[in-house]
Amino acid sequence: MTLSYLRDFCLSKPGTSEDTPFDANTLCFRVGGKIFAITDLEVFEYINLKCDPERSAELREKFEGITPGYHMNKKWWNSVSVLGNVPDQLILDLVDHSYELIFASLPKKLQTEIRP
């Protein structure tokens, strides 16, 4: 998994924007103004993604590279390694899952504007 590939994948989702609100190295991807993915631009080792708590518990048991979200609500967020110990397809699936969780939390009017 490369940062470039991950960035293109995230930005391909409807209504997605990117910014660096915390510092110059912390890249955030948002849908409807809400963050669904966070990673470091300089040291690309993991990505923070929102996840259903039950699924998080299962993933953390199964994959050494999936841990409670660094600097995040550990119930809802995972830090997912991009160094090869988590399959790339699973990382992409978890990006999709995070995006959908955040999208579902948006007001219906905004959802309709993003995906008519």
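First, a word on scope: everything that follows refers to the structure included in this document. Keep in mind that this is a model prediction, so the values were computed, not measured. (Residues numbered from 1 in each chain as written. Predicted model: local features only at pLDDT ≥ 70, side-chain atom pairs only at ≥ 80, totals over all residues. Heavy atoms only, no water.)

1. Describing the state of the cysteines
Point 1. Summed over all chains, the structure comprises zero disulfides.
Point 2. Take Cys-10: it sits in no disulfide, and the sulfur closest to it among the cysteines is that of Cys-28, at 11 Å.
Point 3. Residue class for Cys-10 comes out buried when judged on its relative accessible area of 0%. (Disulfide = S-S within 2.5 Å. Buried < 20%, exposed > 50% of the residue type's maximum accessible area, 1.4 Å probe, protein only.)

2. A few points about the packing of helix α1 (residues 3–11) against helix α3 (residues 88–105)
Point 1. Contact geometry for α1 and α3: axes closest at 11 Å, N-to-C directions at 35°. Read as a crossing pair, α1 and α3 show a hand that is right-handed. Along its contact with α1, which presents Tyr-5, Leu-6, Phe-9 and Cys-10, the element α3 presents Leu-92, Val-95 and Asp-96. (Axes fitted to C-alpha atoms, helices over the stretch in contact; angles between N-to-C directions. Helix = DSSP H or I, 4+ residues; strand = E, 2+ residues; numbered from the N terminus. Left-handed = near helix turned anticlockwise from the far one by under 90°. Contact = heavy atoms within 4.5 Å.)

3. Section: the pattern of salt bridges
Point 1. One pass over the full model with this rule turns up four salt bridges.
Point 2. Here Glu-18 ties to Arg-7 by a salt bridge, and the two come within 2.3 Å at their closest N and O atoms. Of this pair, Glu-18 sits in strand β1 (residues 16–19) while Arg-7 sits in helix α1, and the two are eleven residues apart along the sequence.
Point 3. Asp-96 is paired through a salt bridge with Lys-13; the nearest N and O atoms lie 2.5 Å apart. One end of the pair, Asp-96, is in helix α3; the other, Lys-13, is in the loop between α1 and β1, with 83 residues separating them in the sequence.
Point 4. On the accessibility criterion, Lys-13 (14% relative accessible area) is buried. (Salt bridge = Lys/Arg side-chain N within 4 Å of Asp/Glu carboxyl O.)

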